[in-house]
Amino acid sequence: MAVEDHSLFSIPVRVVDLENHTQIKEAFAPWISSTHPELRNQKLWECDTKSTFGQANREIPFELLRSSLNSHLQDYISEFFRPQNDARVEEKEIWLNVYSKGDYQEIHNHVGNRTVISMAYMLAQPARSGSFVFYRNGDTFFRGLTDYVRPDFSRDRVAPGLREGQAVFFPSSLPHYVSPHQSDSLRATVSANYWVCHPSLGNE
Ligand SMILES: [Fe+2]
């Protein structure tokens, strides 16, 4: 009898280095502050992490990341997602997050109006930073058998081990969280959502 193996629901996640990280971090330095008025607690987030989410502030130097991020994004989607019928995937929103000691982010995803891909960039990661971790509760079935079955059958969370200067691209539906930040120095990330654009969708 023939044997067939199928890899179901494999989820492609891509980690890239941004070449001009030093320049980016310098430009963001004035914004990496726990008291900057543009950085606010978010009503719908169940944590104290401060963010510029939902604000269109043109002074924050996101432009320094944009061409590099967009280039990596297009490589990622053309390889794994392949938009159909001349649809494109473009930046919908981008924002800055700042973590003080003890700050974290609860399990969440970035599903929203036509948002398909999301990104997190490790802008400032001092020692003992919170970790970015992907989470899948569907994988808990084998958790009690961790020592006896393949690790990928028994884990419900995976930390990609991101270093400062790295960005991770992932499907917006993939749940993730940030573990508590344990340093007196601030942790900072830039996040973005990318959505599907097409004339028939009315968001051109
Ligand atoms: Fe997130």
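The sections below set out a description of the structure shown in this document. These numbers come from a predicted model, not from an experiment.

Here is what the cut-offs are and how they apply
Residues numbered from 1 in each chain as written. Predicted model: local features only at pLDDT ≥ 70, side-chain atom pairs only at ≥ 80, totals over all residues. Heavy atoms only, no water. Helix = DSSP H or I, 4+ residues; strand = E, 2+ residues; numbered from the N terminus. Contact = heavy atoms within 4.5 Å. Salt bridge = Lys/Arg side-chain N within 4 Å of Asp/Glu carboxyl O. Pairing = 2+ DSSP bridges. Axes fitted to C-alpha atoms, helices over the stretch in contact; angles between N-to-C directions. Polar contact = N/O pair within 3.5 Å; in protein donor to acceptor, adjacent residues only side chain to side chain.

Take Ser-172: it is sitting in the loop between strand 9 (166-171) and strand 10 (176-178). Discounting chain neighbours no more than four positions away, the residues touching Ser-172 are Asn-109, His-110, Val-111, Thr-115, Val-116, Ile-117 and Ser-118.

A side chain with one charge may pair with a side chain of the opposite charge, provided their charged atoms come close. On inspection of all chains with the given rule, the structure shows seven salt bridges. Among the ionic pairs, Glu-164 bridges to Lys-25, the shortest N-O distance being 3.0 Å. You can see Glu-164 sitting in the loop between strand 8 (157-158) and strand 9 and its partner Lys-25 sitting in helix 1 (residues 21-28), a full 139 residues away along the chain. Counted as one network, the salt bridges with shared partners bring together Glu-63, Arg-66 and Glu-91.

Spatial strand order, 1-9-6-11-4-3-2: seven strands in an open sheet with antiparallel pairing. Two strands lie at the open edges of the sheet, namely strand 1 (14-17) and strand 2 (40-41), each paired on one side alone. Packed onto the sheet, helix 1 meets strand 4 (88-99), strand 6 (115-124) and strand 11 (187-197) and runs at close to 80 degrees relative to strand 6. With respect to the sheet, helix 2 (residues 63-80) is in contact with strand 1, strand 4, strand 6, strand 9 and strand 11, its orientation differing from that of strand 9 by roughly 40 degrees.

What the four strands build is an open sheet, ordered 5-10-7-8; its pairing is antiparallel. The sheet terminates laterally at strand 5 (105-108) and strand 8, the two strands that pair on one side only. One ladder, built from two bridges, connects strand 5 with strand 10; its direction is antiparallel. Note on strand 10: the bridge partner recorded for His-108 is His-176.

Turning to the side chain of Ser-191, a few remarks are in order. Following the sequence through the fold, Ser-191 ends up in strand 11. In this structure the side chain of Ser-191 is engaged in a polar contact, spanning 3.1 Å, whose partner is the side chain of Asn-97. Setting aside anything within four residues of it in sequence, one finds Ser-191 in contact with Glu-93, Ile-94, Trp-95, Asn-97, Met-119 and Ala-120.

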